Amino acid sequence: MDQRRIKRDAVADMGLDPYGGRYAHVVSTQDVRSTGASLDLAPGDKSDASVRVAGRIMLLRVMGKLAFFRLHDGEGHIQIGLSRADLGDDQWLLVKKLLLGDIIGVEGIIGKTRTDELTVWARQVTVLSKALRAPPEKWHGLSDVDLRYRRRYVDLFANPQVRDVFRLRSSMIHAVRQYLVGECYVEVETPVLQPMYGGAAARPFTTHHNTLDMDLFLRISPELYLKRLLVGGMDRVFEISRNFRNEGISTKHNPEFTMVELYEAYADYHVMMERVEGMVAAAFAASTKTALPMQVARLEDELRRLQEEKGEAAAQEFAEEHHLEAYREARDAIKQGRLMGVYNGVALDFTPPWPRLKYADLLQTHAGVSITDRAAVHAKAKALGIDPANKADAVIINDLFEATVERHLIQPTFVYDYPAAICPLTRRDPNDALIALRFEAFAATMELGNAYSELNDPDIQRENLLHKITGEGDETMAVMDEDFVMALEYGMPPAGGLGVGIDRLVMLLTDSPSIRDVILFPLQRPQASGGS
RNA sequence: GAGGAUGUAGCUCAGUAGGUAGAGCAACGGCCUUUUAAGCCGUGGGUCCUGGGUUCGAGUCCCAGCAUCCUCACCA
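Summarised in this report is the structure supplied together with it. (Residues numbered from 1 in each chain as written. Chains lettered and ligands numbered in written order. Predicted model: local features only at pLDDT ≥ 70, side-chain atom pairs only at ≥ 80, totals over all residues. Heavy atoms only, no water.)

## Observations concerning the environment of histidine 174
Mapping histidine 174 onto the fold places it in helix H7 (residues 160-182). Sequence separation between histidine 174 and methionine 196 is 22 residues; the distance between their C-alpha atoms is 31 Å. (Helix = DSSP H or I, 4+ residues; strand = E, 2+ residues; numbered from the N terminus.)

Structure follows, in structure tokens:
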């Protein structure tokens, strides 16, 4: 590190600011590539097209009086050629003070090397930020998972695929927002700090407001506030909402996560199924539809290279490791206009309409019991090691469902009509009080979304919130919220409501195995000894 | 919360049987005007996760702890 400080100070001694300043008229490395392509250069040619680029030096080769850098910016990278003869002695002295990881600006002309690599031949080099820490090794990059999350900024500039994931995440959220706005929804923001939590079954985080001397909860869901807006006459609302649940961490759970939650007056849960399909289609069009074919093209390039250099066996291994077969299937399906992605080696077809399957029918198929046959349900649960003691029947049924059915829900599927007792905020089937008009959307065995025909009868709502269902954790119980019930007493239109997990949607559409791969800064314990 | 795995140089990793701590990349010095993980010669760089213990001697064996990952549990 000291060596780097010495070079930084040497730059300052040359009268230059090692931390730069404004550097105007920069074009991206991608722009340089498209300009370069249009110039139609032969190997060894130099054009007279002058450009300014800026970025981080990620590869550096100096040989005597000639040097090549690879400069990375937000969109890609480009090779910089630096020759002492072109730059002059002062600039060359500066070049020798540059290290991997430094951020520089380069003004130069577009050309090609003898080996046909597009290159910006530098005329003027400007230091924009000297790095005091070296970037990770150029070949393996940063692969230590712990470090990748703790120093996500390094992960992002060292591993371009990581940046791609978060770029796609941004595009997907934008597309979801556009879809909903196009359906006349209004985007709203409701409290994160809530005096009372509700809208989901989860343990909350607690906090405290000093001046009011009042305990508050971080929201586990925006549901009860969004429904108040329905009462207020905002007929179609949505919120892209960060929720906080004080529970276990896993590859599918982060304590804070993002959901899009929406409510539509005069609709029901069938309409919400269409909304799921619509949002996923929009997100797909903004990401996988173009990203996946490009990914396949890259994989096939790599495959050909391996075949030539290392033989068929190595190529075969590579193809299997990267699930190339599923990717090709998805690429071909996309060409046919289908919404197909790949997750964990399996091609998933998101093309609407998704299959709609009844909860009770799935239980019959996979657990082999009828949902109405209490004895059979209990027997099956016991056989699977689920202890039915102190649990309401609906909870046992749900445990059974999770143990037997969920792992079969690979292709995108709507499961609908849940046991009413585990759905305190859901309207009952008018023909069967034990059934709640609710569905969950599944894909790759993950719960992607959850929706209801919303309960708007205030008296039933009050009763549901007061009624304790046994078998679920005490703290995750629905909490009585009198203000919310009072809102319903003013009259809430019948409505469909829906929540879709954005993080999981991004996982599915980017083939990311862990939720931490799609959250920029997932929660980690602080490390005892920090830094260098 | 339970089980398993991992923790060694800035990064990626070796470390044999318990006997002075290693490689590649990065960095420093030298040579080098077309490199593609550039090359060659040389140099510097370590709290072997932490704390105990066994031993003449511990990166290595034992105990405890910490962090991360995976599986399970919890969690719609």
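Still more ground to cover, so stick around.
## Observations regarding empty space enclosed by the protein
Inspection of the entire model under this criterion finds 1 cavity of 30 Å³ or more. When its volume is computed, the largest cavity comes out at roughly 40 Å³. In this structure, the largest cavity is lined by Gln194, Met196, Tyr197, Gly198, Ser221, Leu224, Tyr225, Arg228 and Asp481. Tallying contributions element by element places helix H8 (residues 223-231) first for the lining of the largest cavity, with 3 residues. Tallied by class, the residues present in the lining of the largest cavity amount to 4 nonpolar, 3 polar and 2 charged. (1 Å grid on protein atoms, 1.4 Å probe; cavity = no way out; pocket = protein on both sides within 12 Å on 5 of 7 lines; lining within 4 Å. Points joined across faces, edges and corners; volume = space filled by probe spheres on them. Nonpolar A, V, L, I, M, F, W, Y, C, P; charged D, E, K, R; others polar.)

## A closer look at helix H9 (residues 269-285)
In this model, H9 (17 residues) spans 24 Å end to end at C-alpha, consistent with the 24 Å of a helix rising 1.5 Å per residue. Of all the 17 residues making up H9, 12 are buried; the element is thus mostly covered by neighbouring parts of the structure. Where H9 is concerned, the buried positions are Tyr269, Met272, Met273, Arg275, Val276, Glu277, Gly278, Met279, Val280, Ala282, Ala283 and Phe284. (Expected span 1.5 Å × (residues − 1). Buried < 20%, exposed > 50% of the residue type's maximum accessible area, 1.4 Å probe, protein only.)

## Comments concerning the nonpolar core
Looking at soluble globular proteins, one finds that nonpolar side chains tend to be buried together. Of all hydrophobic cores here, the largest spans 59 residues; its most connected members are Val260 and Phe439. It is H9 that provides the largest number of residues to this core, a total of 9 residues. Excluding its chain neighbours within four sequence positions, the residues that come into contact with phenylalanine 439 are Tyr269, Met272, Met273, Val276, Phe414, Val415, Tyr416, Tyr418, Gly449, Asn450, Ala451 and Leu498. Grouped together as the second largest cluster of nonpolar side chains are 26 residues, Val11, Leu98, Ile104 and Val106 included. (Core = buried A, V, L, I, M, F, W, Y, C linked by side-chain atoms within 4.5 Å. Contact = heavy atoms within 4.5 Å.)

## Describing the protein's contact with RNA strand B
Around RNA strand B there are 50 residues in total, and Arg61, Thr115, Ala201, His253 and Glu447 lie nearest to it. Protein-proximal atoms of RNA strand B, defined as those within 4 Å of the protein, fall in sugar or phosphate at a share of 60%. One of the side-chain N or O atoms of glutamine 79 is found 2.6 Å from a base oxygen in RNA strand B. Here a base oxygen of RNA strand B and a side-chain polar atom of threonine 113 are 3.0 Å apart. Here the element with the most residues in the surface near RNA strand B is helix H5 (residues 145-150); it accounts for 5 residues. Along the lines of polarity and charge, the residues of the surface near RNA strand B split into 20 nonpolar, 14 polar and 16 charged. (Near = heavy atom within 4 Å. Polar contact = N/O pair within 3.5 Å; in protein donor to acceptor, adjacent residues only side chain to side chain.)

## Regarding the side chain of aspartate 155
Assignment of secondary structure puts aspartate 155 in helix H6 (residues 152-158). Under the relative-accessibility criterion, aspartate 155 is labelled buried at 0%. One polar contact links aspartate 155 to arginine 152, side chain to side chain, over a distance of 2.8 Å. Dropping the residues within four chain positions of it, aspartate 155 is found in contact with Leu142, Arg148 and Val162.

## Some points on the packing of helix H16 (residues 458-466) against helix H17 (residues 482-489)
Their axes nearest at 9 Å, the elements H16 and H17 cross at an angle of 160 degrees. Taken together, H16 and H17 sit at an angle that is classed as roughly antiparallel. Read as a crossing pair, H16 and H17 show a hand that is right-handed. Across from Pro458, Gln461, Arg462 and Leu465 in H16, the residues of H17 making contact are Glu482, Phe484, Val485, Leu488 and Glu489. Looking at the contact of H16 with H17, its residues break down into 5 nonpolar, 1 polar and 3 charged. (Axes fitted to C-alpha atoms, helices over the stretch in contact; angles between N-to-C directions. Parallel < 35°, antiparallel > 145°, perpendicular 65-115°, else oblique. Left-handed = near helix turned anticlockwise from the far one by under 90°.)

## Looking at the packing of H7 against H9
As a packed pair, H7 and H9 sit with axes 8 Å apart at the nearest point and diverge in direction by 135 degrees. Accordingly, the angle class assigned to the pair H7 and H9 is oblique. The interaxial crossing formed by H7 with H9 has right-handed handedness. Residue-level inspection shows Met172, Ala175, Val176, Tyr179 and Leu180 of H7 in contact with H9, the latter providing Glu274, Arg275, Gly278, Met279, Ala282 and Ala283. When its residues are assigned to classes, the contact of H7 with H9 shows 8 nonpolar, 1 polar and 2 charged.

## Observations concerning the packing of aromatic side chains
Following the criterion strictly, the structure yields 10 aromatic pairs and no others. When the ring of phenylalanine 414 is compared with that of phenylalanine 439, the centres are 5.0 Å apart and the planes differ by 75 degrees; the resulting orientation is edge-to-face. In this pair, phenylalanine 414 is assigned in strand S15 (residues 413-419) and phenylalanine 439 in strand S17 (residues 432-443), connecting sequence segments 25 residues apart. Exposure remark for phenylalanine 439: the relative accessible area of 0% places this residue in the buried category. Counting every residue linked through ring pairs, the aromatic cluster contains Tyr269, Phe350, Trp354, Phe414, Tyr416 and Phe439. (Phe/Tyr/Trp six-rings, centres within 6.5 Å; stacked < 30°, edge-to-face > 60°.)

## Focus on the sheet that holds strand S9 (residues 214-218)
Pairing is antiparallel across the open sheet formed by 3 strands, whose spatial order is S7-S9-S8. Where the open sheet ends on each side, the last strands, each with one partner, are strand S7 (193-194) and strand S8 (206-209). The pairing of S7 with S9 spans 2 bridges and is classified as antiparallel. In the sheet register, glutamine 194 faces S9, and the bridge partner there is phenylalanine 217. (Pairing = 2+ DSSP bridges.)

## Observations regarding the pairing of strand S10 (residues 236-244)
The buried count for S10 comes to 7 of 9 residues, which makes it a mostly enclosed element. Pairing analysis gives 2 bridges linking strand S6 (residues 186-187) to S10, with the strands arranged parallel. Across the sheet, residue valine 186 finds its bridge partner in S10, namely valine 237. Both S10 and strand S11 (residues 256-265) contribute to a ladder of 9 bridges, which runs antiparallel. Along S11, the bridge assignment pairs phenylalanine 244 with glutamate 256.

## Observations concerning the pairing of S11
Burial within S11 is extensive, with 9 of its 10 residues counted as buried. The sheet contact formed by S11 and strand S19 (residues 495-501) spans 7 bridges and is antiparallel. The residue bridging alanine 265 from the neighbouring strand is alanine 495, located in S19.

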